[in-house]
Amino acid sequence: MHAQRTQVLAIIGQGYVGLPLAMAAVDAGWKVIGVDNFPAKVAQINGGSSPVEDVSDEKLQAAISTGAYTATIDFSAVELATVITICVPTPLDHAREPDLTLLRNAARGIAPYVSNETLVVSESTSYPGTLREIIVPIINEFKPETSKSIYFASAPERVNPGDPSWNQTNTPRLVGAIDRESQVRALAFYESICDSVVSVSSPEVAEAAKLLENTFRLVNIALINEFTQLCSAVDIKVHEVIQAAATKPYGFMRFNPGVGVGGHCIPVDPLYLTWWARAHGGKALIVETANLINLEMPSYVAERALKLVNPSIKNPRVLILGVAYKPGVGDVRETPVSELKVNLKKQGAEVAWHDPLVPMWDGSKPVDLDWDCDVAILATLQPGMNLNLLIQKGIQILDCTDSISNLAGVTSL
Ligand SMILES: NC(=O)c1ccc[n+]([C@@H]2O[C@H](COP(=O)([O-])OP(=O)(O)OC[C@H]3O[C@@H](n4cnc5c(N)ncnc54)[C@H](O)[C@@H]3O)[C@@H](O)[C@H]2O)c1
């Protein structure tokens, strides 16, 4: 019985983080139970159809057919596991503050079934103290009486969906646990899956490091977005400036301007940091300002695009190219293109969109590239997007990606 249990991993949440982790663990020899509270998703996964781009249907079907992986909505399945990782969303609430409801629900859901000697790890992004102050108390309160020793660690996921180079296996993993025994077990678990594991002294260090990583990106994106506006106002080509600065071999890291920031991480995680700072009587001023600058980008982009339209056209037709928040994925969570669309409409534009990876967005379907428009905005250059038709028709394009700016009729942000 014990020998069997040592091989079983339960992963709570089968999304962008949980499902690729499940496949990496299967590759490493674990038997994996994927628990998700969304029945349709579980049915889809068990039917061999992957809901995330980073896991192919073939990979998923192979893992299911060998019995190495199964998905379920039944939390009691975690009874079999020696390791449980929590990979559920940590979004913002209506006040743009941390909403840990799903994380609490996940902890509450597994608690009655956590067997003795089980390691519970949170991979979800959150502010320092989340593991110790929220997850540990919930599990300790509701765990079975026989489960005397439960081990706890934080190992924030760093995966970058759609990245062809960096994945769950080769991205170094931070691990910080609540005590020595938990740390030893958590390190051993991640060493069985990841090439490199970095031990830190506490879960709070791991949690804070994750917020620092993503806040670093938010702030630098804001800097380049602000810098772009300053350059454009005096007709300096910002991309040439960036390229020039990037020739410095040290002390500079390239970031590119765009419509704003999107996805589950960059627009969200830094607000966990600002909230956490306020909760401790502090202020994260640079982060607050960076967030505001990024939030204003869609309005700036809308203005720049509409300037390309003949002023005699009162209700210009605008085609947005690419609505996912980054290339190569169909993920529209927190996409800044939503605000771009709102801003364009506010100024009287008729807006349609095209994205080969997104079948449905914002209550509407994509249009073909031959949709008759007065201006197009390249927000995200998706693979397989052939813009020749627009170029040949002489449509003005505002390129927010700096990928086609050398073509006729294209203006770079
Ligand atoms: N997506 C990324 O690029 C990324 C990268 C690093 C870290 N993270 C972090 O990882 C965590 C998970 O993000 P994600 O992108 O995988 O989310 P996701 O929405 O893709 O997947 C989460 C899954 O959890 C399920 N779920 C929600 N509440 C649940 C509950 N109480 N019990 C069981 N299942 C539940 C949902 O149905 C969903 O399938 C978040 O904290 C996020 O910030 C995400």
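Residues numbered from 1 in each chain as written. Predicted model: local features only at pLDDT ≥ 70, side-chain atom pairs only at ≥ 80, totals over all residues. Heavy atoms only, no water.

Peer 1: Describe the side chain of Asn225, and please don't skip the residues or the numbers.
Peer 2: Along the chain, the position of Asn225 falls in helix H8 (residues 203-233). Asn225 has contacts with Pro257, Gly258, Ile293, Asn294 and Met297, leaving out every residue within four places of it along the chain. (Helix = DSSP H or I, 4+ residues; strand = E, 2+ residues; numbered from the N terminus. Contact = heavy atoms within 4.5 Å.)

Peer 1: So, the environment of Ile404: which residues are in play, and what are the values?
Peer 2: For Ile404, the location among the structural elements is in the loop between strand S12 (396-399) and strand S13 (410-412). Measuring from C-alpha to C-alpha, the distance between Ile404 and Ile320 comes to 15 Å, with 84 residues separating the pair along the chain.

Peer 1: Describe the packing of aromatic side chains, and please don't skip the residues or the numbers.
Peer 2: Scanning all chains against the criterion turns up six aromatic pairs. Ring geometry for Trp30 versus Phe189: centroids 5.2 Å apart, planes at 80 degrees, classification edge-to-face. Taken as a pair, Trp30 in the loop between helix H2 (18-27) and strand S2 (31-35) and Phe189 in helix H7 (residues 180-191) lie far apart in primary sequence, 159 residues in all. A relative accessible area of 2% places Phe189 in the buried class. Ring plane angle 85 degrees and centroid distance 5.5 Å describe the contact between Trp353 and Trp361, whose orientation is recorded as edge-to-face. Pair check on accessibility: Trp353 and Trp361 agree, each one buried. Sitting over the face of the ring of Phe142, Arg108 holds its NZ or CZ atom 3.5 Å from the ring centroid. (Phe/Tyr/Trp six-rings, centres within 6.5 Å; stacked < 30°, edge-to-face > 60°. Buried < 20%, exposed > 50% of the residue type's maximum accessible area, 1.4 Å probe, protein only. Lys NZ or Arg CZ within 6 Å of the ring centre and 35° of its normal.)

Peer 1: Help me get a handle on the sheet that holds strand S10 (residues 350-354), residues and values and all.
Peer 2: Across a sheet, strands are paired by hydrogen bonds formed along the backbone, either parallel or antiparallel in direction. Across the sheet, five strands lie side by side as S10-S9-S11-S12-S13; this open sheet has parallel pairing. Unpaired on one side and paired on the other, S10 and S13 mark the two borders of the sheet. The average undirected angle you get between the axes of adjacent strands in this sheet is 25 degrees. Bridging between strand S11 (residues 375-378) and S12 involves four bridges; their strand directions are parallel. (Pairing = 2+ DSSP bridges. Axes fitted to C-alpha atoms, helices over the stretch in contact; angles between N-to-C directions.)

Peer 1: Tell me about H2, residues and numbers included.
Peer 2: When you tally the buried positions in H2, you get nine out of ten residues, the bulk of the element. Residues Gly18, Leu19, Pro20, Leu21, Ala22, Met23, Ala24, Ala25 and Val26 constitute the buried set of H2. Of the residues flanking the end of H2, it is Gly29, one or two places downstream, whose phi is positive at about 100 degrees.

Peer 1: Would you mind going over the nonpolar core in detail, with residue names and values included?
Peer 2: Of all hydrophobic cores here, the largest spans 50 residues; its most connected members are Ile12, Ile84, Ile86, Ile110, Val120 and Ile139. When sequence neighbours within four positions are dropped, the list of residues in contact with Ile110 reads Ile12, Phe75, Val78, Ile84, Ile86, Val120 and Ile139. The next biggest cluster of nonpolar side chains, apart from the first, holds 36 residues, and it includes Leu21, Trp30, Ala63 and Ala186. (Core = buried A, V, L, I, M, F, W, Y, C linked by side-chain atoms within 4.5 Å.)

Peer 1: Tell me about the sheet that holds strand S8 (residues 197-199), residues and numbers included.
Peer 2: Across the sheet, which stays open at both edges, the eight strands sit in the order S3-S2-S1-S4-S5-S6-S7-S8 with mixed pairing between neighbours. Edge strands, defined here as strands with exactly one partner in the open sheet, are strand S3 (69-72) and S8. In this sheet, adjacent strand axes meet at a mean angle of 25 degrees when their direction is disregarded. As defined by bridge partners, strand S7 (residues 173-177) adjoins S8 across three bridges and the pair is classed as parallel.

Peer 1: Give me helix H6 (residues 130-142): which residues, what numbers.
Peer 2: The end-to-end C-alpha separation of H6 is 17 Å, in line with the 18 Å expected for 13 residues at 1.5 Å each. Its maximal kink placed at Val136, H6 deviates by approximately 30 degrees, while the proline Pro137 follows within four residues. Buried within H6 are the following residues: Thr130, Leu131, Ile134, Ile135, Val136, Ile138 and Ile139. Against strand S4 (83-86), helix H5 (101-110), strand S5 (119-122), strand S6 (151-154) and H8 lie the buried residues of H6. (Expected span 1.5 Å × (residues − 1). Bend = angle between axes of the 7 residues up to and from the residue.)

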